[in-house]
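Topology and contacts: notes
In case you want the letters, here they are:
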Amino acid sequence: KIETGGKFELTSRVKSYSFLLVGLSVVIIMMLLGRSPVDATFVRPHGSIPIVEGEKSRNLFLIKLVNRTNEELKLELRVLENEGMSFIPNGEISLGPKEVKDVNRIMESVEKGQGIGKMIRVKIGIYQQDQLLETKASNYLYPRFIKEKK
């Protein structure tokens, strides 16, 4: 039709490719608008064991935080759903625009015998002031045995 100078026709092939293009565009826009301003990865170091001090057990976590925005963020980590667990040190973590930061935090459980030898799932919330930005999950390992001092 191009060679003969014919009029443009809207065929079923053109309609289906147009529909596919619009659908993919909507998916990409939704992914960009729905993403979190911060990304976090929580990892217990390989070979690390829980530390027992008095009535508390502790686990070390390596945390990688990524600021995806062009603003400075002041973040706070909080343990969700698990009573008696907290991070040490507990305070704000500052992230500059587009900054990637590695931090070490110790998660402490006040009940050392809550789950001897068990690994439980812990939900961690990343907050900016009182606004929840993202929720992540990690494992908390309790000591396999508790040696009591005599």
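See the structure shown above.
A word on the overall build of the protein. Looking only at helices and strands, the protein has one helix and nine strands in total. The order of helices and strands in the protein, counted from the N terminus, is α-β-β-β-β-β-β-β-β-β. The contacts of the protein with a sequence gap of at least 6 include a subset with a gap of at least 24, amounting to 66%.

Before going further, it helps to spend a moment on the sheet that holds strand S8 (residues 119-128). Spatial strand order, S6-S4-S8-S9: four strands in an open sheet with antiparallel pairing. Every other strand in the sheet has two partners, leaving strand S6 (93-95) and strand S9 (131-141) as the edge strands with one partner each. Neighbouring strand axes in the sheet, compared pairwise and without regard to direction, differ in orientation by 30° on average. Here strand S4 (residues 73-80) runs beside S6; their pairing, made up of three bridges, is antiparallel. Residue pairing for S6: Leu 73 is matched across the bridge by Leu 95.

This brings us to a nonpolar patch on the surface. The grouping of Tyr 17, Leu 20 and Leu 24 at the surface amounts to a nonpolar patch, some 330 Å² of accessible area in total. Mapped onto the secondary structure, Leu 20 falls in helix H1 (residues 12-33). You can call Leu 20 partly exposed: its relative accessible area is 47%.

This brings us to the side chain of Asn 67. Locating Asn 67 in the fold gives a position in strand S3 (residues 56-67). Residue classification places Asn 67 among the buried residues on the basis of a relative accessible area of 2%. If near-sequence neighbours (up to four positions away) are discounted, Asn 67 is found in contact with Pro 37, Glu 72, Leu 73, Leu 95, Gly 96, Pro 97, Lys 98 and Glu 99.

Covered by surrounding structure in strand S1 (residues 38-43) are Val 38, Ala 40 and Phe 42 only, the residues Asp 39, Thr 41 and Val 43 on the alternate face being uncovered. The pairing of S1 with S3 spans six bridges and is classified as antiparallel. Pairing of Thr 41 across the sheet is with Lys 64, part of S3.

For the rest of this paragraph, the subject is unusual backbone geometry. Omega for the bond connecting Ile 88 with Pro 89 falls within 30 degrees of zero, at -15°, which places this linkage in the cis form. Among the structural elements, Pro 89 can be located in the loop between strand S5 (85-88) and S6. Of note in this structure, Lys 98 is not a glycine but carries a positive phi near 55°. Notably, Gln 129 is not glycine yet its phi reads approximately 60°, a positive angle. Its place among the elements puts Gln 129 in the loop between S8 and S9. The exposed category is assigned to Gln 129, whose relative accessible area is 68%.

Over its 22 residues, H1 extends 32 Å from the first C-alpha to the last, a length consistent with the 32 Å expected when each residue adds 1.5 Å. Of all 22 residues making up H1, only zero are buried, and the element is barely covered by its neighbours.

A full pass over the atoms with the stated rule returns zero aromatic pairs. Above the ring of Tyr 127, the side-chain terminus of Arg 78 is found at 4.0 Å from the ring centroid.

Counting across every chain of the model gives nine salt bridges. Ionic pairing is found between Asp 39 and Lys 136, a salt bridge with its closest N-O pair at 3.7 Å. Note that Asp 39 is positioned in strand S1 and Lys 136 in strand S9, a separation of 97 residues in sequence. A relative accessible area of 21% places Asp 39 in the partly exposed class. A residue is classified by how much of its surface remains accessible, and Lys 136, at 24% relative accessible area, is partly exposed. Salt bridges sharing common partners tie together Asp 39, Arg 68, Glu 134 and Lys 136.

About the cut-offs
Residues numbered from 1 in each chain as written. Predicted model: local features only at pLDDT ≥ 70, side-chain atom pairs only at ≥ 80, totals over all residues. Heavy atoms only, no water. Helix = DSSP H or I, 4+ residues; strand = E, 2+ residues; numbered from the N terminus. Contact = heavy atoms within 4.5 Å. Pairing = 2+ DSSP bridges. Axes fitted to C-alpha atoms, helices over the stretch in contact; angles between N-to-C directions. Patch = residues over 30% accessible without salt bridge, like charges linked within 9 Å, V, L, I, M, F, W, Y side chains within 5 Å. Areas by Shrake-Rupley, 256 points an atom, 1.4 Å probe, with all protein chains shown as cover. Salt bridge = Lys/Arg side-chain N within 4 Å of Asp/Glu carboxyl O. Buried < 20%, exposed > 50% of the residue type's maximum accessible area, 1.4 Å probe, protein only. Expected span 1.5 Å × (residues − 1). Phe/Tyr/Trp six-rings, centres within 6.5 Å; stacked < 30°, edge-to-face > 60°. Lys NZ or Arg CZ within 6 Å of the ring centre and 35° of its normal.

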